[in-house]
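Descriptive analysis of the structure
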Amino acid sequence: MLESAAYLETASGSKYLVQLCKHFAHKITVSYSETHGECRFSCGTSLLDADEKGLRLRATSVDEEGLAQTQQVIESHLLRFAFREDLQPLDWRRQDASQTAT
């Protein structure tokens, strides 16, 4: 399993997590709370974790193409929803999927 992670420093992490999950829930399997979300796309899975300082995003997939698609879907929607913050593209970093994200 391939995995990548990105972090967005924002006071609105929980708001964006819920907004993303509600949006995707119309088409895919999603589970979420105010602080944790999971979106299961056909190309991969995205895990979202929010706290008072920001939003941590993880993307997993079985292959490179699926990982890139999962990252792109989450990021494009997040940047659209957070347009008031004038955000730059996320810095996705590859992770060893056998490790737990911190």
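Now for a description of the structure that goes with this document. (Residues numbered from 1 in each chain as written. Predicted model: local features only at pLDDT ≥ 70, side-chain atom pairs only at ≥ 80, totals over all residues. Heavy atoms only, no water.)

1. Some words on the overall build of the protein chain
Of the regular secondary structure elements, the protein chain holds two helices and six strands. Along the protein chain, from the amino end to the carboxyl end, the secondary structure elements read β-α-β-β-β-β-α-β. Here the protein chain has a C-alpha radius of gyration of 12 Å; the compact-globule value for 102 residues is 13 Å, and the two agree. The buried share of the protein chain, reckoned over its 102 residues, is 44%. Taking the contacts inside the protein chain whose residues are at least 6 apart along the sequence as the reference set, 57% of them involve residues at least 24 apart. Roughly 6,100 Å² of accessible area belongs to the protein chain as shown, and the carbon and sulfur atoms make up 48% of that amount. (Helix = DSSP H or I, 4+ residues; strand = E, 2+ residues; numbered from the N terminus. Rg over C-alpha atoms; globule rule 2.2 N^0.38 Å. Buried < 20%, exposed > 50% of the residue type's maximum accessible area, 1.4 Å probe, protein only. Contact = heavy atoms within 4.5 Å. Areas by Shrake-Rupley, 256 points an atom, 1.4 Å probe, with all protein chains shown as cover.)

2. Things to note about the nonpolar core
One finds Phe24, Leu48, Leu55, Leu57 and Leu78 to be the most contacted residues of the largest nonpolar core, which totals 25 residues. Contributing elements (two or more residues each) for this core: β1 (2–9), α1 (13–24), β4 (45–51), β5 (54–61) and α2 (64–81). Broken down by element, the residue count for this core peaks at six residues, all from α1. Apart from the residues lying within four places of it in its own chain, the contact partners of Leu55 are Ala6, Tyr7, Leu8, Thr10, Gly13, Tyr16, Leu17, Leu48, Asp49, Ala50 and Leu78. (Core = buried A, V, L, I, M, F, W, Y, C linked by side-chain atoms within 4.5 Å.)

3. Some words on the packing of α1 against α2
Contact geometry for α1 and α2: axes closest at 10 Å, N-to-C directions at 120°. Relative to α2, the element α1 lies oblique. Considering how the two elements wind past one another, α1 and α2 form a crossing that is right-handed. Note on element contacts: α2 touches α1 through Val73, Ile74, His77, Leu78 and Phe81, opposite Tyr16, Gln19, Leu20, His23 and Phe24. In the contact of α1 with α2, the residues fall into seven nonpolar, three polar and no charged. (Axes fitted to C-alpha atoms, helices over the stretch in contact; angles between N-to-C directions. Parallel < 35°, antiparallel > 145°, perpendicular 65-115°, else oblique. Left-handed = near helix turned anticlockwise from the far one by under 90°. Nonpolar A, V, L, I, M, F, W, Y, C, P; charged D, E, K, R; others polar.)

4. Structural notes on α2
With 18 residues, α2 ought to run about 26 Å at 1.5 Å a step, and its terminal C-alpha atoms sit 26 Å apart, in line with that. Listed in full, the buried residues belonging to α2 are Gly66, Leu67, Thr70, Gln71, Val73, Ile74, Glu75, His77, Leu78 and Phe81. (Expected span 1.5 Å × (residues − 1).)

5. As for the environment of Tyr16
Considering the arrangement of structural elements, one finds Tyr16 in helix α1. By relative accessible area, which is 3% here, Tyr16 ends up buried. Along the primary structure Tyr16 and Phe41 are separated by 25 residues, whereas in three dimensions their C-alpha atoms are 18 Å apart.

6. A closer look at the pairing of strand β2 (residues 29–32)
Direction of pairing for β2 relative to strand β3 (residues 36–40): antiparallel, over a ladder of four bridges. Bridge pairing in β3 places Tyr32 opposite Gly37. Here β2 hands over to β3 after three residues, the two strands then running antiparallel side by side. (Pairing = 2+ DSSP bridges.)

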